[in-house]
Amino acid sequence: MKRLFALLILFIAVSTLSAQDFQCNVSINSSKISGSNRERYNSLQQEVYNFINERKWCQYNLKTNERIECGIMINLTEVSGDVLKGTMTVQLQRPVFKSNYKTTVLNFQDNKIQFTYEEGQPLEYSDGVNLNQFTSLIAYYLNLFLALDFDTFSMNGGAPYLDKCQSIVSLNQSSAEQGWQSFESGQNNRYWIVENLTNGTYSKLHEFLYNYHRLGLDVMVDNPDQGRAAIFESLKTLQQVYKQKSNLVMVRYLVSAKSDEIINIFKEGLANEKTQVVNIMKQLDPSNSSKYDAITASTK
């Protein structure tokens, strides 16, 4: 009986371990809310951490070293009873083959989050149902992380998770909270992120993600010139998307995440390669055009 009990505990432990898809750092900052109950927000932070890291999100059984590395930082700015408002910074990283280097795939701030949180109430979520505004918000970004991560390993590999993002957006079209509707100013919200990634007109966004990471970064250790050439071609692909529509939110987010990395990669490039990359990046990121001059500061 004791042996059977031990095996049962082991089975549960292994099952729980295999269910973990994310290695996500969670931070909730309530310093801007005067007189706030810090214990309440510490409790929320732990609940969110458990909700993300102990739940099954992916259709595959990921190994420990395959878990998606990401971060969610919530900065609370207003509270009215159980209604909380603030911003959320989301970050996604991906390991590079045969190296200790981790590349940033996504890093931006969602400036319009609002949700209701009752202390002690469990965080619940189910695909296809809007049980809770907050868990729908978290689930949206987790599925976005999965979509982008899988896209970097196989062409259009993230499609099933983009479908889930799209479903969450659809369920929130009648929501009073901001960030879900197409008509909000700036086309800089959750609706437009998933629109860009599911609109066939901009399918080359997925080519960029795959070519930049799998054909580029992942071969840099063995063949730096080949990897850099693939990244150069991927930037041309992103430029094509930019020419289709110059202010796509996903182009801006991808460029923002990759700009410093691109500079460091092409500092070691060939002279002609450097010049073309600088021209591409200045077109994609005109507000930061001067920073790309660092690429041609030295010529190989």
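In this text, all values refer to a predicted model and were calculated from it rather than measured experimentally.

A. Structural context of the overall build of the chain. Along its length, the chain carries 9 helices and 4 strands. In the chain, the order of α-helices and β-strands from amino to carboxyl end is α-β-α-β-β-β-α-α-α-α-α-α-α. Taking 300 residues into account, the globule formula puts the C-alpha radius of gyration at 19 Å, and the chain, at 21 Å, falls close to it. Across its three principal directions, the C-alpha atoms of the chain cover 65 × 55 × 35 Å. A total of 300 residues make up the chain; the buried ones form 47% of that total. For the chain, contacts bridging at least 24 residues in sequence account for 68% of all contacts bridging at least 6. Carbon and sulfur atoms form 49% of the exposed surface of the chain, whose accessible area is close to 14500 Å².

B. View of the environment of Lys 112. By the element assignment, Lys 112 lies in strand β4 (residues 102-116). Measuring from C-alpha to C-alpha, the distance between Lys 112 and Asn 189 comes to 8.4 Å, with 77 residues separating the pair along the chain. Among all residues touching Lys 112, those that are not within four sequence positions of it are Gly 86, Gln 178, Glu 184, Ser 185 and Arg 190.

C. Inspection of the packing of helix α4 (residues 159-171) against helix α5 (residues 190-198) at higher detail. It is at 10 Å that the axes of α4 and α5 come closest, and there the two elements cross at 145 degrees. When the axes of α4 and α5 are compared, the crossing they make is left-handed. Here α4 contributes Leu 162, Cys 165, Gln 166 and Val 169 to the contact with α5, which in turn contributes Arg 190, Tyr 191, Val 194, Leu 197 and Thr 198. A per-class count over the contact of α4 with α5 returns 6 nonpolar, 2 polar and 1 charged.

D. Representation of the pattern of salt bridges in the model. Counted by the stated rule, this structure contains 15 salt bridges. Taking the shortest distance from any N to any O, the salt bridge between Asp 218 and Arg 214 comes out at 3.2 Å. Assessed through its relative accessible area of 5%, Asp 218 is described here as buried. Taking the relative accessible area as the measure of exposure, Arg 214 reaches 31% and is therefore partly exposed.

E. Region of the structure containing the nonpolar core. With 84 residues, the main nonpolar core has Phe 22, Ile 52, Ile 72, Tyr 140, Leu 144 and Phe 145 as its most contacted residues. For this core, the element with the highest residue contribution is helix α3 (residues 133-153), accounting for 13 residues. With sequence-adjacent residues up to four places away left out, Ile 72 is seen in contact with Cys 24, Asn 25, Val 26, Ser 27, Ile 52, Met 88, Thr 89, Val 90, Ile 138, Leu 142 and Phe 145.

F. Local environment of the packing of aromatic side chains. Within the structure shown, the criterion is met by 11 aromatic pairs. Judged by centre distance (5.6 Å) and plane angle (90 degrees), the rings of Tyr 140 and Trp 180 are edge-to-face. Placement of Tyr 140 in helix α3 and of Trp 180 in the loop between α4 and α5 is noted, with a sequence separation of 40 residues between them. An identical accessibility class is assigned to Tyr 140 and Trp 180; each is buried. Centre to centre, the rings of Tyr 191 and Trp 192 are 5.0 Å apart; their planes meet at 80 degrees, and the pair counts as edge-to-face. With a relative accessible area of 14%, Trp 192 lands in the buried category. By way of ring pairs, the aromatic residues Phe 108, Tyr 140, Tyr 141, Trp 180 and Tyr 253 are connected into one cluster. Looking at Arg 55, its charged tip hangs above the ring of Trp 57, at a distance of 5.1 Å from the centre. The ring centre of Phe 153 lies 3.9 Å from the NZ or CZ of Arg 94, which sits over that ring.

The rules behind each value
- Residues numbered from 1 in each chain as written.
- Predicted model: local features only at pLDDT ≥ 70, side-chain atom pairs only at ≥ 80, totals over all residues.
- Heavy atoms only, no water.
- Helix = DSSP H or I, 4+ residues; strand = E, 2+ residues; numbered from the N terminus.
- Rg over C-alpha atoms; globule rule 2.2 N^0.38 Å.
- Buried < 20%, exposed > 50% of the residue type's maximum accessible area, 1.4 Å probe, protein only.
- Contact = heavy atoms within 4.5 Å.
- Areas by Shrake-Rupley, 256 points an atom, 1.4 Å probe, with all protein chains shown as cover.
- Axes fitted to C-alpha atoms, helices over the stretch in contact; angles between N-to-C directions.
- Left-handed = near helix turned anticlockwise from the far one by under 90°.
- Nonpolar A, V, L, I, M, F, W, Y, C, P; charged D, E, K, R; others polar.
- Salt bridge = Lys/Arg side-chain N within 4 Å of Asp/Glu carboxyl O.
- Core = buried A, V, L, I, M, F, W, Y, C linked by side-chain atoms within 4.5 Å.
- Phe/Tyr/Trp six-rings, centres within 6.5 Å; stacked < 30°, edge-to-face > 60°.
- Lys NZ or Arg CZ within 6 Å of the ring centre and 35° of its normal.

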